[in-house]
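Now for the letters of each chain:
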Amino acid sequence: MPEHKVTAKEKAIFVNGNTLPRMVNIKFPNGSVGHFSPSCVHCHKVFASGYFKGTITTPLPHVASVVAAGWCPGCKVLSMFTLRFRADGAVERCVDGVWSRQEPTPTIKSVCRGLRAKVRRSVISMIAFFLLFLPLVLAVIRMPR
Ligand SMILES: [Zn+2]
C-alpha cells in the first residue's frame, strides 16, 4: 500500500467529527439499510470505540453520505472513508478522488422478480410469434394440393 500523507483537512474530519458507532447502520425511507463496519486500512482491525469519527449526512432521502476517519493506535494510521450509500443497496467509495460503485448484492426476492420478468417477456414474445405466423401456417395447411 502506498504511503499516504494525512492532510490537515483529513485530520480535521477526525478531530472535529462526531464519534460514530463501530457498526454504522443507515436506514432509508424504503426500508433498506446500509451496513458499514470500518476497519484500519493497514491492519484491517475494527476501530476501538471512540476512534471512528466523522459525519453522516443525507443530502437526498435515498442517499447517505459518510465522510469519516478512523485512528488505529497500533499502526498510528488514520484511515479515511468517503462513501455514499444508496437506498437501492449500492455503495460508492471515493479513494484518492476516484469514485467506484459497488452494485447491491442480489437478494432472493430481487432474483425472483428478475426471473418473473424474464418469463413474462418470453411468454409475450411466444404469443407474438404465434400471432404473426399463425395466418401463414393456416394458409399453408389450407393450400390445395
Ligand atoms: Zn491498524
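Scope of this entry: the structure provided in the associated data block. Since this is a predicted model, take the numbers as computed values, not measurements.

**Points about the overall build of the chain**
Item 1. The number of helices and strands found in the chain is 2 helices and 8 strands.
Item 2. Counting from the amino terminus, helix and strand elements in the chain follow one another as α-β-β-β-β-β-β-β-β-α.
Item 3. Relative to the compact-globule value of 15 Å for 145 residues, the chain shows a C-alpha radius of gyration of 26 Å, a clear excess of over 25%.
Item 4. With the C-alpha coordinates aligned to their principal axes, the bounding extent of the chain is approximately 90 × 35 × 25 Å.
Item 5. Expressed as a percentage of the 145 residues in the chain, the buried residues total 14%.
Item 6. For the chain, contacts bridging at least 24 residues in sequence account for 52% of all contacts bridging at least 6.

**What about the nonpolar core?**
Item 1. Counting residues in hydrophobic clusters, the biggest one holds 15 residues, and the most contacted among them are Phe-52, Val-66, Ala-68, Ala-69 and Phe-81.
Item 2. When contributions to this core are tallied by element, the ones reaching two or more residues are strand 5 (63-72) and strand 6 (77-86).
Item 3. No other element matches strand 5, which puts 5 residues into this core.

**Side note on the pairing of strand 7 (residues 91-95)**
Side chains on a regular strand alternate between the two faces of the sheet.
Item 1. Relative to strand 7, strand 6 runs antiparallel, the two being bridged by 3 bridges. Bridged to Phe-85 within strand 7 is Val-91.
Item 2. Count of turn residues in the strand 6/strand 7 antiparallel hairpin: 4 residues, of which Gly-89 carries a positive phi of about 100 degrees.
Item 3. Two strands pair when backbone bridges link them, and strand 7 and strand 8 (residues 98-102) are joined in this way by 5 bridges, in the antiparallel orientation. Note on strand 8: the bridge partner recorded for Glu-92 is Arg-101.
Item 4. Between strand 7 and strand 8, which pair antiparallel one after the other, the connecting turn spans 2 residues, and Asp-96 there sits at a positive phi close to 50 degrees.

**Considerations on helix 2 (residues 108-142)**
Item 1. When the terminal C-alpha atoms of helix 2 are compared, their 50 Å separation across 35 residues agrees well with the 51 Å that a helix rising 1.5 Å per residue should span.
Item 2. With respect to burial, helix 2 is a largely exposed element, only 0 of its 35 residues being buried.

**What to know about the sheet that holds strand 6**
Item 1. Strand order in the open sheet formed by 6 strands is 1-4-5-6-7-8, with antiparallel pairing between adjacent strands. Unpaired on one side and paired on the other, strand 1 (18-19) and strand 8 mark the two borders of the sheet.
Item 2. Contacting strand 4 (52-60), strand 5 and strand 6, helix 1 (residues 8-16) crosses the sheet at an angle of about 95 degrees to strand 5.

Scoring rules and cut-offs
Residues numbered from 1 in each chain as written. Predicted model: local features only at pLDDT ≥ 70, side-chain atom pairs only at ≥ 80, totals over all residues. Helix = DSSP H or I, 4+ residues; strand = E, 2+ residues; numbered from the N terminus. Rg over C-alpha atoms; globule rule 2.2 N^0.38 Å. Buried ≥ 20, exposed ≤ 12 C-beta atoms within 10 Å, placed from the backbone. Contact = placed C-beta atoms within 7 Å. Core = buried A, V, L, I, M, F, W, Y, C linked by C-beta atoms within 7 Å. Pairing = 2+ DSSP bridges. Expected span 1.5 Å × (residues − 1). Axes fitted to C-alpha atoms, helices over the stretch in contact; angles between N-to-C directions.

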